[in-house]
Amino acid sequence: SMLKRGLNAAGSGFVPERLTLARLARGLKQNELANSIDRSPAAISKWENDDYKHAPSKDDLTLLAGALDVQPSWFFKSINVTENASFFRSLRSELQSARDRVSAKLIFVHEIFDSLSSRIEFPEVDIPHLVEPDEYKSLTFEQVDKIADRLREYWGIGEDPIDDLMTIIENCGVIVADDYLVSAKLDGVSSWFDDRPVILLAKDKDTGVRRRFDAAHELGHIVLHRYVTKKQLEADWRLIEDQAMAFAAAFLLPASTFAHSVHDTSLDAIANLKPIWKVSIGAMIMRLKTLSLIDDSESKNLWKYYSYRQWRGNEPHDNEIELESPLNLASAIDMLSEDGVLEVRDFFESSGLSVNDIVSLTGVDQSLLSFNRKSTPKLKLVKNHSALSAAND
């Protein structure tokens with residue numbers, strides 16, 4: 001469901017949606033952008049409107065690129081317009097601007113991948129079709145559990161605790177990035193672009209278990225909700241979120257093996273399982289309840305002790321479980337740099353993005369993207385001039 005957008009705005013090649021995208025990525029309203037470059041809000045509105053065929057002048061382009069921290073070439077790249085939904089934990093209206101920013105950043109990640117993938121071979125997408133379009137509406141939680149099991153089986157990862165989830169996800173062709181996501185209410189976002197799934201995770205969620213659960217949650221959207229449109233997401237948001245949550249729990253804590261590892265349902269016994277499964281104590285309590293290994297009153301009691309011990313947001317073992325970070329985008333840029341600075345510069349220019357965004361989204365070393373160093377000629381002054389000329393006589 002992608003359209004490549006090409007020439008428009010009176011044939012100048014300026015793409016209005018690119019301006020909107022960069023503006024949203026910076027969390028700016030039209031009038032705020034207008035103020036920052038000393039132009040009228042009407043001018044911005046015209047530039048962003050496809051029907052006006054009204055492209056900014058060269059000077060205005062320079063101002064826009066500066067204010068939005070993109071390269072001027074950004075505004076002239078064709079754009080992929082997708083009907084696919086981007087998935088968010090919260091659709092509360094006051095978070096609209098934060099969601100717009102994160103959705104735009106997700107597109108930035110796809111742009112980085114796009115510029116790299118014509119130069120570097122990424123893993124093929126290897127995600128089985130386990131859910132038909134529209135089937136998500138009728139999925140039961142038992143079915144979600146089975147789908148999580150089937151995915152583990154398909155990927156050949158058995159039913160044991162998963163040691164490095166990020167590696168598994170990236171090896172299956174998902175593009176993963178992380179960034180600071182402005183709002184504490186947003187843990188991550190994901191979407192399919194053509195046949196490539198992309199995930200952007202919150203860097204600010206700084207515990208290993210939290211990060212893993214977020215990644216598994218986004219993987220749930222990718223597997224269960226591949227064909228969900230923006231309209232469907234608005235209609236069925238709660239259901240879609242609950243399914244992704246259930247998938248994450250089932251994928252990280254498979255019913256049979258997790259149940260088997262729980263010898264005793266006291267809070268301390270559950271806490272002791274955390275370093276093994278690398279899942280929060282809270283998520284394990286919920287999973288025990290889902291699997292009917294504890295009843296309502298046992299669940300209430302566990303939560304009571306959990307609160308009493310002040311574990312909310314600060315559980316035992318949090319600092320022992322390492323934070324898994326995505327590697328593939330940074331590794332791809334590293335590989336390019338081995339071919340020389342020109343290759344990296346070529347990728348950088350084709351991305352249209354700033355060094356800031358590429359560094360913060362991929363985690364690549366900033367020094368690989370400094371192209372302005374002049375190379376100095378390696379000439380040495382020959383000291384003992386007369387001795388040399390005497391020797392040559």
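Rules used throughout
Residues numbered from 1 in each chain as written. Predicted model: local features only at pLDDT ≥ 70, side-chain atom pairs only at ≥ 80, totals over all residues. Heavy atoms only, no water. Helix = DSSP H or I, 4+ residues; strand = E, 2+ residues; numbered from the N terminus. Buried < 20%, exposed > 50% of the residue type's maximum accessible area, 1.4 Å probe, protein only. Axes fitted to C-alpha atoms, helices over the stretch in contact; angles between N-to-C directions. Left-handed = near helix turned anticlockwise from the far one by under 90°. Contact = heavy atoms within 4.5 Å. Nonpolar A, V, L, I, M, F, W, Y, C, P; charged D, E, K, R; others polar. Phe/Tyr/Trp six-rings, centres within 6.5 Å; stacked < 30°, edge-to-face > 60°.

Caption draft 1: Molecular detail of unusual backbone geometry. For K278, which is not glycine, the phi torsion reads 55° and is therefore positive. Tracing the backbone shows K278 in the loop between α11 (267–277) and α12 (281–290). The class for K278 is buried, based on a relative accessible area of 14%.

Caption draft 2: How the structure looks around the packing of helix α5 (residues 96–117) against helix α14 (residues 328–338). Two elements in contact, α5 and α14, have axes separated by 11 Å at closest approach and are oriented at 35°. When the axes of α5 and α14 are compared, the crossing they make is left-handed. Here V109, I112, F113 and L116 of α5 lie close against α14, whose contacting residues are L329, A332, I333 and L336. Per-class residue counts for the contact of α5 with α14 are eight nonpolar, no polar and no charged.

Caption draft 3: The arrangement of the packing of aromatic side chains in detail. This structure, assessed with the given rule, holds nine aromatic pairs. Where W74 meets F108, the ring centres are 5.2 Å apart and the plane angle is 75°; that geometry is what we call edge-to-face. Linking W74 in the loop between α4 (58–68) and β2 (79–82) with F108 in helix α5, this pair joins segments that are 34 residues apart in sequence. Residue classification places W74 among the buried positions, given a relative accessible area of 0%. Geometrically, the ring pair formed by Y306 and W311 is edge-to-face, given 5.8 Å between the ring centres and 85° between the ring planes. With respect to class, Y306 is no different from W311; both count as buried.

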